[in-house]
Amino acid sequence: MLTLDTLNRALLLENIHPDATARLTKAGYEVRTMPRALGEEELIEALQGISLLGIRSQTHVTGRVLAAAPDLLAVGAFCIGTNQVDLAAAAKRGVPVFNAPFSNTRSVVELAIAEIISMARRLPEKNAKMHQGVWDKSAKGAHEVRGRKLGIVGYGNIGTQLSVIAESLGMTVYFYDIADKLAIGNARRCSSLEELLESVETVTLHVDGRSGNHGFFGEEEFARMRPRSLFLNLSRGFVVDHAALRSHIESGHIAGAAIDVFPREPKGNGEEFVSELRGLSNVILTPHIGGSTEEAQQDIGEFVSGKLVDFAEGGATSMSVNMPGVALPSAPGTHRLVHLHQNVPGVLATINRVLADHGVNVEGQLLRTRDDLGYVITDIVPAYSDEVLDQLRAMDVTVRLRTIESE
Ligand code: NAI
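Rules used in this analysis
- Residues numbered from 1 in each chain as written.
- Predicted model: local features only at pLDDT ≥ 70, side-chain atom pairs only at ≥ 80, totals over all residues.
- Heavy atoms only, no water.
- Helix = DSSP H or I, 4+ residues; strand = E, 2+ residues; numbered from the N terminus.
- Contact = heavy atoms within 4.5 Å.
- Areas by Shrake-Rupley, 256 points an atom, 1.4 Å probe, with all protein chains shown as cover.
- Lys, Arg positive; Asp, Glu negative; His and termini not counted.
- Charge placed at Lys NZ, Arg CZ, Asp CG, Glu CD.
- Near = heavy atom within 4 Å.
- Polar contact = N/O pair within 3.5 Å; in protein donor to acceptor, adjacent residues only side chain to side chain.
- Nonpolar A, V, L, I, M, F, W, Y, C, P; charged D, E, K, R; others polar.
- pLDDT = per-residue confidence, 0-100.
- Pairing = 2+ DSSP bridges.
- Buried < 20%, exposed > 50% of the residue type's maximum accessible area, 1.4 Å probe, protein only.
- Salt bridge = Lys/Arg side-chain N within 4 Å of Asp/Glu carboxyl O.
- Axes fitted to C-alpha atoms, helices over the stretch in contact; angles between N-to-C directions.
- Parallel < 35°, antiparallel > 145°, perpendicular 65-115°, else oblique.
- Left-handed = near helix turned anticlockwise from the far one by under 90°.
- 1 Å grid on protein atoms, 1.4 Å probe; cavity = no way out; pocket = protein on both sides within 12 Å on 5 of 7 lines; lining within 4 Å.
- Points joined across faces, edges and corners; volume = space filled by probe spheres on them.

**Details of the overall build of the protein chain**
Now for step 1: On a plain count of helices and strands, the protein chain comes out with 13 helices and 17 strands.
Now for step 2: Sequence separation of at least 24 residues holds for 64% of the intrachain contacts in the protein chain that already meet a minimum separation of 6.
Now for step 3: Per element, the accessible surface of the protein chain, about 19400 Å² overall, is 49% carbon and sulfur.
Now for step 4: The centroid of the 39 positive side-chain charges in the protein chain is displaced by 7 Å from the centroid of its 50 negative side-chain charges.

**As for the site of the ligand**
Now for step 1: As a structural note, the neighbourhood of the ligand is formed by 27 residues, with I158, D177, V207, N213 and D260 the closest of them.
Now for step 2: Take I158: an N or O atom from its main chain is 2.9 Å from an oxygen atom of the ligand.
Now for step 3: Here a nitrogen atom of the ligand sits 2.8 Å away from a polar atom, N or O, in the side chain of D260.
Now for step 4: In isolation the ligand has 860 Å² of accessible area, and contact with the protein removes 86% of it.
Now for step 5: Looking at side-chain class alone, the shell around the ligand contains 10 nonpolar, 11 polar and 6 charged residues.

**Considerations on the confidence of the model for the protein chain**
Parts of the model with low pLDDT should not have their predicted coordinates read in detail.
Now for step 1: Per-residue confidence for the protein chain gives a mean pLDDT of 94; residues scoring 70 or more make up 98%.
Now for step 2: Residue range residues 1-6 is modelled with pLDDT below 50. Its contacts to residues more than four positions away, or to other chains, number 18 contacts.

**Details of the sheet that holds strand β13 (residues 283-285)**
Now for step 1: Strand order in the open sheet formed by 7 strands is β9-β8-β7-β10-β11-β12-β13, and the pairing between neighbours is parallel. The outermost strands of the open sheet, each flanked by one partner alone, are β9 (188-189) and β13.
Now for step 2: One ladder, built from 3 bridges, connects strand β12 (residues 254-259) with β13; its direction is parallel. Within β13, the residue paired with A257 across the bridge is V283.

**Some details on the sheet that holds strand β6 (residues 97-98)**
Now for step 1: Strand order in this open sheet of 5 strands is β3-β2-β4-β5-β6, and the pairing throughout is parallel. Strands with a single pairing partner mark the edges of an open sheet, and in this sheet they are β3 (30-33) and β6.
Now for step 2: Summarising the sheet, strand β4 (residues 52-55) and strand β5 (residues 74-77) pair through 4 bridges and their orientation is parallel. Across the sheet, the residue bridging to L52 is A74, located in β5.

**Some words on the side chain of E221**
Now for step 1: Checked against the element boundaries, E221 lands in helix α9 (residues 219-224).
Now for step 2: One buried charged residue, E221, forms no salt bridge at all, with the nearest opposite charge on R224 at 6.7 Å.
Now for step 3: At 2.8 Å, the side chain of E221 forms a polar contact with the backbone nitrogen of G218.
Now for step 4: Setting aside residues no more than four positions away along its own chain, E221 makes contact with L193, L197 and F216.

**Notes on the packing of helix α5 (residues 105-120) against helix α7 (residues 157-168)**
Now for step 1: Contact geometry of α5 with α7 gives a least axis separation of 9 Å together with a crossing angle of 50°. Judged by the angle between their axes, α5 and α7 are oblique. Crossing handedness for the pair α5 and α7: right-handed. Taken together, the residues of α7 that come into contact with α5 (itself represented by T105, R106, V108, V109, A112 and I113) are N157, I158, Q161, L162, I165 and A166.
Now for step 2: Here the residues of the contact of α5 with α7 sort into 8 nonpolar, 3 polar and 1 charged.

**Observations concerning empty space enclosed by the protein**
Now for step 1: Inspection of the entire model under this criterion finds 3 cavities of 30 Å³ or more.
Now for step 2: Looking at the largest cavity, the residues that line it are G94, F311, M323, V338, H339, L340, Y375, R400, L401 and R402.
Now for step 3: Those elements that provide at least two residues to the lining of the largest cavity are β14 (335-342) and β17 (398-405).
Now for step 4: Looking at the lining of the largest cavity residue by residue, the class counts come to 6 nonpolar, 2 polar and 2 charged.

Have a look at this one:
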């Protein structure tokens, strides 16, 4: 069991956007920033006295780091992925982890739209020829996108937003998703991938990275696409069989492709990019930059720092990736008890019995559970004794208890 008072100190690593520092400073935090990731030992040392930690993809927050950071309240992953954090170990210690799942959605959509138009106008080839001094003015094979049929595979955050913008350009949108999804605007739902592939002239993949999607788009799917179709993948590299794509481009069956993600990507700038798709005409290759814009970085900085502050100030865990999601509007003049516990029957009754036995009045309460954890926020009127807290801490199931005074 852990208890602690909030320390107003935050550590932001890996060049997180300055808006995050501004947000935390405004909330009363003393913020230390570092431009790089820290290794395990350095991180443990740096975390002493730190209550909020901000990282990006290169800092690994292991179980060992968490065990050695008793002051840590919450971790913000200022990126999309969170597999650099031991989420289960963090949850067990009552440390919520937040990320920014849709801060770069719009950026991916804009790149996809740019690429659809570029391929339809054969810009990659025209551009390459101009740089070689070849003036090739011709309308052959160049098309408007207005009125053309776009097939979106994976109708999630990115797929639905792409649907809206493609329609505003006059495209007719078809989509296929394995989950039931509301069709936005005039988009048409396809009941199978085959139906979509046979209906549209441009196919764009926006599926998630679940393991079942490994190699899900290969020879059979390319063969089903209509002749002279365009193909885009800005989701995950491993979902597409690139050897099959190459042969369909070489045969002319696929008229153009735009690929942003690859099964093997260089670990950093400077390492050679190796792919069977190099050297093909009307193929746009980009280095996994779909979500890489300054606007997305800024949005991530604001979004994740906001989540950290909401948790520190009010115990809100909504959109945390590893804890039950709870957010209760604060009631003026109350005192807030934030209690994380093992998810077993009767915990709420025990908490309320302790409060009732001490004549403490509950003004508001909200409980959520997730896997083997339960999380309850209780607003009480301020007059209570230390014995109340001692008894709540002493419960066998208590993982962490925090008290927050309202303004
Ligand atoms: P999301 O989770 O909101 O949507 C994914 C959708 O795909 C869900 O509706 C899901 O039901 C559907 N889906 C999963 N497997 C499917 C299948 N086999 N067939 C049909 N539908 C399937 O995810 P979001 O935010 O829209 O992201 C989509 C993809 O874009 C992810 O793989 C993500 O990693 C990638 N991404 C790439 C970026 C880049 O820089 N290129 C930046 C941001 C995200």
